[in-house]
Amino acid sequence: MMSKFSIALFLIITITSCGRKHAPNKTDSITTTVTSEPNTGNVTSKKADTIAVVKKKIFTPKKKDIIPPSIVVNDQAAKKAVDGRLYYDLLGNRYWKNYKDGRYYLFNQKMYDNPAFKPPK
């Protein structure tokens, strides 16, 4: 009884395992043959080396979040810098407050010289 059960189990496992198909990833591969002829007197021998060149798929990054050039933020949510200016961090970008129109603008080097970004005294 046990031997019939083990034989049946072995046959079922064998049939199901052989039925599985393994398909490797599809890659475009080009095989080129390079022949080299060494210059050694009267004897010429040919060696064939094969080099497999695999073309990889070009990685395209996902569409990143659109970074707005200016935002409107409540001043209580903003932080104060050492020099007294207000700033707000959003998605890894720092926005500085323009005191003339009250909006926060994405940081650039021109803000240092612009008096609109300096707090009123």
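Small disclaimer: the values here were computed from a predicted structure and weren't measured.

Let us look at the packing of aromatic side chains. Scanning all chains against the criterion turns up three aromatic pairs. A centroid spacing of 5.3 Å and a plane angle of 50° characterise the contact between Tyr87 and Trp96, whose relative ring orientation is tilted. Residue Tyr87 is classed as buried on the basis of its relative accessible area of 13%. With a relative accessible area of 9%, Trp96 lands in the buried category.

Judged by nonpolar contacts, Ile71, Val73, Ala78, Leu86, Tyr95 and Tyr104 together constitute the single largest core of six residues. In contact with Val73, other than residues within four places in its own chain, are Tyr88 and Tyr104. Formed by five residues, the second largest nonpolar core is a distinct cluster that contains Tyr87, Trp96, Met111 and Phe117.

This part takes up a nonpolar patch on the surface. Together, Met2, Phe5, Leu9 and Ile13 make up an exposed nonpolar region whose accessible area comes to about 450 Å². Residue placement: Phe5 occurs in helix H1 (residues 2-19).

Ordered in space as E3-E7-E6-E5-E4, the five strands form an open sheet in which the pairing is antiparallel. With one partner strand each, in any of the chains shown, strand E3 (70-71) and strand E4 (79-80) form the two edges of the open sheet. Across two bridges, the pairing between E3 and strand E7 (residues 104-106) is antiparallel. In the sheet register, Ile71 faces E7, and the bridge partner there is Tyr104.

For the rest of this paragraph, the subject is the pattern of salt bridges. Summed over all chains, the structure comprises three salt bridges. Between Asp83 and Arg85 there is a salt bridge, with the nearest N and O atoms lying 2.9 Å from each other. With relative accessibility at 48%, the residue Asp83 sits in the partly exposed group. Residue Arg85 is classed as buried on the basis of its relative accessible area of 9%. Note that Asp89 and Arg94 form a salt bridge whose closest N and O atoms lie 2.8 Å from each other. On the basis of relative accessibility, which here comes to 35%, the residue Asp89 falls in the partly exposed class.

The rules we used
Residues numbered from 1 in each chain as written. Predicted model: local features only at pLDDT ≥ 70, side-chain atom pairs only at ≥ 80, totals over all residues. Heavy atoms only, no water. Phe/Tyr/Trp six-rings, centres within 6.5 Å; stacked < 30°, edge-to-face > 60°. Buried < 20%, exposed > 50% of the residue type's maximum accessible area, 1.4 Å probe, protein only. Core = buried A, V, L, I, M, F, W, Y, C linked by side-chain atoms within 4.5 Å. Contact = heavy atoms within 4.5 Å. Patch = residues over 30% accessible without salt bridge, like charges linked within 9 Å, V, L, I, M, F, W, Y side chains within 5 Å. Areas by Shrake-Rupley, 256 points an atom, 1.4 Å probe, with all protein chains shown as cover. Salt bridge = Lys/Arg side-chain N within 4 Å of Asp/Glu carboxyl O. Helix = DSSP H or I, 4+ residues; strand = E, 2+ residues; numbered from the N terminus. Pairing = 2+ DSSP bridges.

None of this, on its own, says anything about what the molecule does.
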